[in-house]
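Fold and geometry: a report
Listed here are the chains, written in short residue letters.
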Amino acid sequence: MHLCDKSGMSDVKQQLKRALDTALAQYTETMGEAFPIAPILDVVDDPEFWAMAEMDGDIFRIRVSTGTADGTAKLWTSAFNDEGFVASFGQAIGTDARAMTHIGLVWLMLHELHHFQMGHFDNQHEPNLSMTGSNKEHGLVKRTAEHSETHPSASAASGLIFEMQADHDATEMLLDAYSPDEWLSLRARIAAISAMMMLIERADSSNYPHGATHPKAATRMFQLLGHVIDMPTLSAHPNLQDATNGEGYSAEAVSEEETTRFVTQVAVPAFFDAVSLARVVSAQSIIDDLGDAGEFFSDIQTTKLDVNPDNLNTIGARELITLKHKMHSQPDKSSRWASKFFSPIDT
Ligand SMILES: [Zn+2]
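Below: a short report on this structure. (Residues numbered from 1 in each chain as written. Predicted model: local features only at pLDDT ≥ 70, side-chain atom pairs only at ≥ 80, totals over all residues.)

1. Quick notes on the nonpolar core
- Ranked by internal contacts, the top residues of the largest apolar core, which has 82 residues, are W107, M109 and L225.
- Here the element with the most residues in this core is helix α7 (residues 183–207); it accounts for 13 residues.
- Setting aside residues up to four positions removed in sequence, M109 forms contacts with A19, L20, A23 and I62. (Core = buried A, V, L, I, M, F, W, Y, C linked by C-beta atoms within 7 Å. Buried ≥ 20, exposed ≤ 12 C-beta atoms within 10 Å, placed from the backbone. Helix = DSSP H or I, 4+ residues; strand = E, 2+ residues; numbered from the N terminus. Contact = placed C-beta atoms within 7 Å.)

2. Some words on the pairing of strand β3 (residues 59–65)
- In terms of burial, β3 is a largely internal element, 5 of the 7 residues being buried.
- Of the pairings in the sheet, the one linking strand β1 (residues 40–44) to β3 comprises 5 bridges and is parallel in character. The partner of L41 across the bridge, within β3, is I62.
- With 6 bridges joining them, strand β2 (residues 51–56) and β3 adopt antiparallel strand pairing. Counterpart to M52 in the pairing with β3 is R63.
- The hairpin turn running from β2 into β3, its antiparallel successor, is 2 residues long, and G57 in that turn takes a positive phi close to 65°. (Pairing = 2+ DSSP bridges.)

3. Digging into the packing of helix α2 (residues 66–80) against helix α4 (residues 97–117)
- In the contact formed by α2 and α4, the axes pass within 9 Å of each other and the chain directions differ by 140°. Judged by the angle between their axes, α2 and α4 are oblique. Our pair here, α2 against α4, has a crossing hand that is right-handed. Contacts from A69, T72, A73, W76, T77 and F80 of α2 reach α4 at A97, M100, T101, G104 and L105.
- Residue composition of the contact of α2 with α4, grouped by class: 7 nonpolar, 4 polar and no charged. (Axes fitted to C-alpha atoms, helices over the stretch in contact; angles between N-to-C directions. Parallel < 35°, antiparallel > 145°, perpendicular 65-115°, else oblique. Left-handed = near helix turned anticlockwise from the far one by under 90°. Nonpolar A, V, L, I, M, F, W, Y, C, P; charged D, E, K, R; others polar.)

In structure tokens form, the structure reads like this:
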């Protein structure tokens with residue numbers, strides 16, 4: 001190995017360590033207590049994009065490839081070299097590729113931390129693997145599949161549900177509580193998350209054309225923007241404080257006028273940021289899956305009142321609601337993730 005490779009590797013290692021440290025700090029800030037276990041970070045020198053969380057006895061380990069950090073940095077460098085993207089995002093937000101890469105990696109670390117936090121490793125006799133990317137060499141998907149065959153309750157759908165839950169809680173933590181002063185920074189964080197979802201889908205689909213191991217990027221983005229739209233309302237519902245640990249939520253109602261401006265200045269631009277990013281990485285399938293902006297946002301409204309997947313127009317909305325139905329039909333696994341759609345908002 002050349003010296004320059006070594007220093008490149010250690011740069012990436014530092015970058016990933018910094019992302020984990022930021023994620024842990026964000027966790028402590030939101031929850032008011034430190035993460036219950038000190039994760040071991042294992043950076044693997046591999047150009048493929050993949051990350052996973054595993055329990056090894058009492059040790060919680062997050063394994064990430066160097067290709068994950070490199071791939072994220074590459075995407076953002078391309079984005080900031082793209083005139084269209086700079087005109088629509090870069091100029092408005094005033095950030096750079098390095099900062100966006102860091103935020104994306106922080107979200108990825110939060111996602112892995114939440115697999116542990118939500119008990120996705122419970123009731124298992126062998127180390128369970130929960131990947132964010134995919135890598136045949138490590139046999140991760142195969143081991144997950146074996147696991148589900150021997151444990152009927154851990155179906156393929158459960159794996160997808162676990163991913164959506166980890167996404168949900170990581171996103172909630174990274175986006176933090178609604179604040180009227182942080183719309184631009186919020187849009188940057190949403191774009192950083194969207195980019196990771198695209199990179200995961202790309203890593204997933206290049207190895208597994210059937211894409212059964214992870215929810216579609218469009219589904220994850222549907223959940224992401226559904227959460228964003230709810231942010232001003234959540235701040236006005238002090239009775240939801242328990243569910244979100246009460247941190248930083250103001251009891252003051254956000255006016256309807258402000259909520260509308262928030263949708264037009266943050267949520268809708270965030271959708272187009274995602275489309276624009278997908279264009280930068282030539283992910284036409286993601287653009288197709290996201291569908292029309294009008295239909296996408298109308299589906300977000302529809303899912304608040306009507307949970308029949310047949311009444312939804314976009315692919316992401318239908319997959320999300322189908323997964324929620326599966327989750328909801330397993331009473332032993334009731335969680336606020338599923339109940340968010342299946343109980344009235346005011347209770
Ligand atoms: Zn995951």
